[in-house]
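For reference, the chains in residue letters:
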Amino acid sequence: MGVHPVRTEPSLGAGDRWHVEVDRSLCIGSAQCLHHAPDGFRLDSARQSHPVDPDTDANERVLEAAESCPVEAIVITLMGSGEPVFPPEE
């Protein structure tokens, strides 16, 4: 039997709460986050992204928004432990 690769994809735990941040020094205003999670992010007048609610329930759309950001400006951590959800640890 072959060795199965270790899964590094973040998973959504039922009842998990996330802290979502946008590093505005990286944000280029591509609005991919708005495309994937229109209720989760907004752009300010400088086209910088902001989470609508920085502390939120685990949400597939918010995760998709983070994964789609071309500059990985969106950071998601597990509330309480601070464990990284996205980007995953190397």
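Everything here concerns the structure above.
No experiment lies behind these values; they were computed from the predicted model shown.

Cut-offs and rules
Residues numbered from 1 in each chain as written. Predicted model: local features only at pLDDT ≥ 70, side-chain atom pairs only at ≥ 80, totals over all residues. Heavy atoms only, no water. Disulfide = S-S within 2.5 Å. Buried < 20%, exposed > 50% of the residue type's maximum accessible area, 1.4 Å probe, protein only. Helix = DSSP H or I, 4+ residues; strand = E, 2+ residues; numbered from the N terminus. Pairing = 2+ DSSP bridges. Axes fitted to C-alpha atoms, helices over the stretch in contact; angles between N-to-C directions. Contact = heavy atoms within 4.5 Å.

*Asks:* How do you make sense of the state of the cysteines when you look at a structure like this?
*Replies:* Simply put, disulfide is the name for a covalent bond between the sulfur atoms of two cysteines. For the structure shown, the criterion picks out 0 disulfides. The thiol of Cys33 is not disulfide-bonded; the next cysteine sulfur, from Cys27, is found 6.5 Å away. Assessed through its relative accessible area of 7%, Cys33 is described here as buried. Unpaired in this structure, Cys69 has its nearest cysteine sulfur neighbour in Cys27, at a distance of 6.5 Å. Owing to a relative accessible area of 14%, Cys69 belongs among the buried residues under this scheme.

*Asks:* What exactly am I supposed to notice about the pairing of strand β1 (residues 17–22) here?
*Replies:* Along any regular strand, the residues point their side chains to alternate faces of the sheet. Of the two faces of β1, only one is covered, namely that formed by Trp18, Val20 and Val22; the face formed by Arg17, His19 and Glu21 stays uncovered. Judged from the 3 bridges that link them, β1 and strand β4 (residues 55–57) form a sheet pairing that is antiparallel. Looking across to β4, one finds that His19 is bridged to Asp55.

*Asks:* I keep staring at unusual backbone geometry and nothing clicks. Help me out?
*Replies:* Generally, phi is negative for residues other than glycine and the peptide bonds are trans, each holding for most cases. Along the chain, Phe86 connects to Pro87 via a cis peptide bond; the corresponding omega equals -5°. For Ala31, which is not glycine, the phi torsion reads 70° and is therefore positive. Looking at the secondary structure, you find Ala31 in the loop between β1 and α1 (32–36). Even without a glycine there, the phi angle at Arg47 is positive, about 60°. Here Arg47 is to be found in the loop between β2 (41–43) and β3 (49–51). According to the relative accessible area criterion, Arg47 is partly exposed, its value standing at 44%.

*Asks:* Before we go on, may I ask you to explain the sheet that holds β1 in this structure?
*Replies:* Two modes of strand pairing occur in sheets, parallel and antiparallel, and in both the strands are linked by backbone hydrogen bonds. Reading across the sheet, the 4 strands line up as β4-β1-β5-β6 and stay open at both edges, with antiparallel pairing between neighbours. Edge positions in the open sheet fall to β4 and β6 (84–86), since each of these has one partner strand only. Across the sheet, the axes of successive neighbouring strands diverge by a mean angle of 35°, strand direction being ignored. Both β1 and strand β5 (residues 74–78) contribute to a ladder of 5 bridges, which runs antiparallel. Counted as the bridge partner of Trp18 is Leu78 from β5. Contacting β1, β5 and β6, helix α2 (residues 60–68) crosses the sheet at an angle of about 135° to β5.

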